[in-house]
Amino acid sequence: MDAHSPPVASCFCGFVGDEFFANVPRMNFKEELNEEQYAAVTASDGPALVVAAAGTGKTRTLIYRLAYLVTEKEVQPWEVLLLTFTNKAAKEMLTRAETLVQRRFNSGYSGTFHSFANRLLRSHADCIGFGRDFTILDADDAKKLMRACIDELDVEKKHFPKPDVLLSLFGVVSGRMGDLSAAVTERFEHSEVDPDWVLKAHARYQARKKESNAMDFDDLLIHVLKLLVENEKIRAFYQDEFKYVLVDEYQDTNAIQAQLVHYLVKTHGNLMVVGDDFQSIYSWRGADFRNFLDFEKAYAGAKTFKLQINYRSTPEILDVANEVISGNPEQFQKELQAVRENGDVPHLVKVRDGSMQARFVIEKARELNRKGIPLSEICVLYRSHFHAMELQMELARAQMHYVVTSGVRFFEQAHIKDVCTVLRLLVNPSDELAFSRLIEMLPKVGKKTSHKIFHKLGGRVNLQREETHEQLIAALPAAAREGWEVLKPVFLAYHEENLQNDPGEVVFRFGKVFYTEYMVENFDNHKFRAEDIDGLIDFTVKFDSTEAFLSEIALLSNLDNEGGKAPSDEENEDALRLSTVHQAKGLEWKVIFVLFLNEDMFPSKKAIEEAGDSEERRLFYVAVTRAKDELFLCTPMVRRQRDGGMIFLDPSRFISEIPEDILRQNGGFF
DNA sequence: GTTTCGGTTCTTTTT
DNA sequence: GAACCGAAAC
């Protein structure tokens, strides 16, 4: 983050008065932007499309646009709505805009699509038949619920698709606003699966969500769109509220998001979308970059701006990038233009296997580090998390510091979810998932028992009421009763001692009377987990209500990544970065290593089978364009399997496509 | 009838 | 490492 940021409280905090920023600086836009950027930043009202290639100052352009609207157009910061895909992107841009114009941007509705939807639904969910205290189901919850729905169906499980499969299918269809029945039929055309049963599972899943007053990620978008479409007054209010709408990474929007934006700007048309079709890497979750390509058709009179001057990478790296992407035809034609001096030729590193690849990376990183490049300026990228397994082992052995942008999200770890479950049930008594998660921590209570009890209590478990506890204890198996007696005071205190605004205290008490001991018995790394929970309790300080805390953590995927206060403060440490390509989007490092550039790995076999290789090629393009100075493309020749067997690997097609003379072959490690 | 436990299998990408 | 399955234990 910008080192010169003013001491602004994070976006999770309460309001900081505008008077904090007394003197608004006069800005010279022409001086601080190049011609391309200046044109986009100062675009007149109406729809505008900014095609921003990698490393061309896309973020800068958006930030200056925010500043421009406020200083030159006399718009208030809260009248500008910025929509992004990650919390991190939103926070970075808003905070940097605050620095520029000394006005508060972080307190409005701007943020991710999902947090925006959440915010509107917290005010108006009752208009579409939900309670405002609805629960947000994360990926893990959704999966559990889907599992339960399938189990209820009484089909033969062996031949029935897994929850993951159904959820991703339903998710994509809903994102596209497509026809479910047709999609299901097509998807299972060549299998034994009966589409009718799949549709039944879907119906169950929808019904269960409604009963539990819960929404999954897709629902947030669907329901907020529904709200705007159906309710004229609310629509008019927000159309008037947001005088300008800016959308980042527009190539990654799906049909719902495009529609949502469309409704928001329908009256005034002041919409600027920014993106790069070459970097569209989320079609597997319903993104459709035709939203981006066809923008000029959808918004008559749209102005188009292109940013092509790349400040990030050396010409040699850009040559590789341009070469890679030229394999994909149907896109906006654009080429990255280098302004930097010549540098090193990117390396093609052939190694024997994953361990040798790991040792190459470590040795090279050491060498670069000796030459004065901090480890934090070096990043290792890969297609899938497990591709980095050997590297992680070797790094530990070599005692080199490293940070993984983890696949396991902080808030989805079992122990974090366990303690948050208490809060969830207190807030939303209909939340069966929370109820069963909580009660199944007690001995002799499993799935069946918890389900039975939940229905015995009428599908609502209001823990703040004394009589609920009486009924509950009567229904529990004897072995579990004692455990519940211990917990009871924690729940009753929520109401009696007014802990609604102090979720941390509830978590603390839950830990004290029950969960700390539970962890000792159930996890061998309970000490680390206990630390996480202490960190979580500290984190709750930022919130003034339990509801706000819960929806925030459901939408905040990764504490370490998203700039919240991380429980572990290794952030400033000089460490090598390990990340998937997806998670590295929008970021840059001096040195990039790409691992396992082999057929079936990068490109991923599954992805190609499902959708062809063009998205994988774009993904590779994203990887390459993260590098500022040096690029190492690694391709092992064999992969060792767990059972000791070996698989021979072919080099990735993406490597073969690159002309030999723009790469330097490294006789690597054997 | 349910829960628990132990063994086996396989890792795409994420708000 | 966690998710799934089948068998033992309550």
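Residues numbered from 1 in each chain as written. Chains lettered and ligands numbered in written order. Predicted model: local features only at pLDDT ≥ 70, side-chain atom pairs only at ≥ 80, totals over all residues.

What about the overall build of chain A?
What chain A contains, in helices and strands, is 29 helices and 19 strands. Computed over C-alpha atoms, the radius of gyration of chain A comes to 26 Å, within 12% of the 26 Å expected from 2.2 N^0.38 for 670 residues, which places it in the range of a compact globule. Taking the principal axes of its C-alpha atoms as reference, chain A extends roughly 75 × 65 × 50 Å. By the burial criterion, 44% of the 670 residues in chain A qualify as buried. Summarising the internal contacts of chain A: among those between residues at least 6 apart in sequence, 78% fall at separations of at least 24. (Helix = DSSP H or I, 4+ residues; strand = E, 2+ residues; numbered from the N terminus. Rg over C-alpha atoms; globule rule 2.2 N^0.38 Å. Buried ≥ 20, exposed ≤ 12 C-beta atoms within 10 Å, placed from the backbone. Contact = placed C-beta atoms within 7 Å.)

Section: the pairing of strand E11 (residues 347-351)
Within E11, 4 of the 5 residues are buried, leaving the element largely enclosed by the surrounding structure. Of the pairings in the sheet, the one linking E11 to strand E16 (residues 627-636) comprises 5 bridges and is parallel in character. Looking across to E16, one finds that Lys-350 is bridged to Thr-635. (Pairing = 2+ DSSP bridges.)

With respect to the environment of Lys-364
For Lys-364, the location among the structural elements is in helix H16 (residues 354-370). For Lys-364, a count of 20 C-beta atoms within 10 Å gives the class buried. Each C-alpha atom of the pair Lys-364 and Lys-143 lies 41 Å from the other, and the pair is 221 residues apart in sequence.

Notes on the sheet that holds strand E3 (residues 111-112)
With respect to topology, 6 strands assemble into an open sheet ordered E3-E2-E6-E7-E1-E8, the strand pairing being parallel. In the strand order of this sheet, the two ends are held by E3 and strand E8 (303-307), each with one partner. Strand direction decides the pairing type here: strand E1 (residues 48-52) and strand E7 (residues 271-275), joined by 4 bridges, are parallel. Note on E7: the bridge partner recorded for Ala-48 is Met-272. Where helix H3 (residues 58-72) meets the sheet, its contacts fall on E1, strand E2 (80-84), strand E6 (244-247), E7 and E8, and the angle it forms with E7 comes to roughly 165 degrees. (Axes fitted to C-alpha atoms, helices over the stretch in contact; angles between N-to-C directions.)

Quick notes on the nonpolar core
If you look at the biggest cluster of nonpolar residues, it comprises 181 residues, and the most contacted ones within it are Leu-66, Val-245, Val-380, Leu-381, Ile-592, Val-624 and Cys-634. Contact partners of Val-380, with chain neighbours within four places excluded, come to Val-361, Ala-388, Leu-391, Leu-576, Arg-577, Leu-578, Phe-593 and Leu-595. (Core = buried A, V, L, I, M, F, W, Y, C linked by C-beta atoms within 7 Å.)

A closer look at the environment of Tyr-205
Structurally, the position occupied by Tyr-205 is in helix H9 (residues 195-211). Filtering out sequence-adjacent residues up to four positions away, Tyr-205 remains in contact with Leu-145, Met-146 and Cys-149.

Digging into the packing of helix H18 (residues 414-427) against helix H23 (residues 503-522)
Relative orientation of the contacting elements H18 and H23 amounts to 125 degrees, with a least axis distance of 10 Å. Considering their axes alone, H18 and H23 lie oblique with respect to each other. Crossing geometry of H18 relative to H23 is assigned as right-handed. Taken together, the residues of H23 that come into contact with H18 (itself represented by His-415, Asp-418, Val-419, Val-422 and Leu-423) are Pro-503, Val-506, Val-507, Phe-510, Gly-511, Tyr-515 and Met-519. Per-class residue counts for the contact of H18 with H23 are 9 nonpolar, 2 polar and 1 charged. (Parallel < 35°, antiparallel > 145°, perpendicular 65-115°, else oblique. Left-handed = near helix turned anticlockwise from the far one by under 90°. Nonpolar A, V, L, I, M, F, W, Y, C, P; charged D, E, K, R; others polar.)

What to know about the environment of Ile-222
Structurally, Ile-222 can be placed in helix H10 (residues 217-230). On the basis of neighbour count, Ile-222 is assigned to the partly exposed category, with 19 C-beta atoms found within 10 Å. The contacts of Ile-222, once residues within four sequence positions are left out, are Ser-174 and Ile-256.

Things to note about helix H17 (residues 389-398)
The periodicity of an α-helix, 3.6 residues per turn, causes residues three or four positions apart to be oriented the same way. Within H17 the residues assigned to the buried category are Glu-390, Leu-391 and Leu-395. Each buried residue of H17 lies within a common arc of 135 degrees when the element is viewed along its axis, so the set occupies one face. For H17, exposure combined with an orientation more than 90 degrees from the buried face picks out Met-389, Ala-396 and Arg-397. On its buried side, H17 packs onto H16, strand E12 (378-382), strand E13 (402-404) and strand E14 (576-580). (Arc of directions from axis to C-beta.)

A short note on unusual backbone geometry
A cis amide bond links Phe-602 with the next residue in sequence, Pro-603, at an omega value of 15 degrees. Here Pro-603 shows up in the loop between strand E15 (589-594) and helix H27 (605-611). For Gln-399, which is not glycine, the phi dihedral falls at a positive 55 degrees.

Concerning the pairing of E7
With 5 of 5 residues buried, E7 lies mostly within the body of the structure. Neither face of E7 is left uncovered, since the one carrying Leu-271, Val-273 and Gly-275 and the one carrying Met-272 and Val-274 both have all their residues buried. This β-α-β element, E6 to helix H12 (residues 255-265) to E7, shows right-handed connectivity. (Right-handed = clockwise from strand over helix to strand, strands pointing away.)

Thoughts on the packing of H18 against helix H19 (residues 432-439)
Across the interface, H18 lies against H19 with an axial gap of 9 Å and an inter-helix angle of 130 degrees. Taken as axis vectors, H18 and H19 run oblique relative to one another. Judged by the twist between their axes, the crossing of H18 over H19 is left-handed. Counting all contacts with H18, which are made through Asp-418, Thr-421, Val-422, Arg-424 and Leu-425, the residues of H19 involved are Ala-434, Phe-435, Arg-437 and Leu-438.

A few points about helix H5 (residues 113-124)
With 12 residues, H5 extends 16 Å from end C-alpha to end C-alpha; this agrees with the ideal 16 Å at 1.5 Å per step. Packed against the buried residues of H5 are E2, E3, strand E4 (135-137), H10, H12 and helix H25 (546-555). (Expected span 1.5 Å × (residues − 1).)

Description of the confidence of the model for chain A
For chain A, per-residue confidence averages 85 on the pLDDT scale, and residues scoring 70 or more make up 91% of the total. Note on residues 1-22: pLDDT is under 50 here. Beyond four places in sequence and across chains, it has 29 contacts. Low pLDDT, under 50, characterises residues 559-571; the predicted model gives this stretch 24 contacts beyond four residues in sequence or across chains. (pLDDT = per-residue confidence, 0-100.)

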